[in-house]
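Letter by letter, the chains look like this.
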Amino acid sequence: KNYSERVNALKEFFTNAQAYCKEENHEEKNLRFEAMRGIFSGEQTLYIHANFVKEITEAIDFGKKFEQKKMVIVGGYDAWRVSNMLKDNNVAVILRRVHELPVNEDDDVYLPYKLPKLLFDAGVLFCLENAGDMEAMGTRNLPFYAGTAAAYGIDKEEALKLITLNTAKILGIDATTGSLEPGKDATLFISTGDALDVRTNNVITAFIQGRYIDIDNHQKKLYRKYSDKYEK
């Protein structure tokens, strides 16, 4: 209801912060403006939550107005509709959940599943996310979002990048993580089945920065206890 007013308030804040950050030394520090220095120097990334064409295009224009070097759209339901604009302005996308119903009544019923393929074909850098209801619990489904992307047209290796290397690139940590390469952190897991398939995913070993992680839990102990009991 107050979209225009809130956008104008953001513009005013950014204008004042930008002017403040052009000077290094101030007799009186404004902590809110000081926190914005990295945004204007390009050391930090500006994340804007936007889903629909109007919001996304205005967000890109907003970033250009304030000379943002690194900007990411979070959500991006309509990002495929303005993919050229995103690509031309080097704006990445953290794509909302793909396991959901279409937002609009006249959308293709499979559109949420197809969004990764549409963005991939357009050459937009993007990754997958799980924000929303039951967020912490639903994080376990993140590999299966990538599996859905693969089922709807993306090569499986590229689908895997949507939750590994692409994510690291967007977050700016790909120098140390996101892929298995010499010099990077040894953060990985091993599955006896297809890790992107809910039917066969079975993680048996995991390492974080080379440290072995014990993934045993109460449920697994109960499974072993009763499977041993009733298989005899």
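Rules used in this analysis
- Residues numbered from 1 in each chain as written.
- Predicted model: local features only at pLDDT ≥ 70, side-chain atom pairs only at ≥ 80, totals over all residues.
- Heavy atoms only, no water.
- Helix = DSSP H or I, 4+ residues; strand = E, 2+ residues; numbered from the N terminus.
- Buried < 20%, exposed > 50% of the residue type's maximum accessible area, 1.4 Å probe, protein only.
- Contact = heavy atoms within 4.5 Å.
- Pairing = 2+ DSSP bridges.
- Axes fitted to C-alpha atoms, helices over the stretch in contact; angles between N-to-C directions.

Draft legend 1. Structural view of the environment of Gln-18. With respect to the helices, strands and loops of the structure, Gln-18 is situated in helix α1 (residues 3–21). A relative accessible area of 17% places Gln-18 in the buried class. Put simply, Gln-18 and Lys-220 are 202 residues apart on the chain and 54 Å apart in space, counted from C-alpha to C-alpha. Leaving out residues up to four positions away in the same chain, Gln-18 has contacts with Phe-40, Phe-66 and Glu-67.

Draft legend 2. Focus on the sheet that holds strand β7 (residues 211–213). Read from one edge of the open sheet, 3 strands run β5-β6-β7, paired in antiparallel fashion. Two strands lie at the open edges of the sheet, namely β5 (188–191) and β7, each paired on one side alone. In this sheet, adjacent strand axes meet at a mean angle of 20° when their direction is disregarded. Where strand β6 (residues 203–208) and β7 come together, 3 bridges link them in antiparallel fashion.

Draft legend 3. Spatial organisation of the sheet that holds strand β3 (residues 92–95). The strand order across the open sheet formed by 4 strands is β1-β2-β3-β4, and the pairing between neighbours is parallel. Looking at strand neighbours, the two that pair on one side only are β1 (46–50) and β4 (126–128), the edges of this open sheet. Pairs of neighbouring strands in the sheet enclose a mean axial angle of 20°, with direction left out of account.

It is worth stressing that arrangement in space is one thing and function is another; only the former is reported here.
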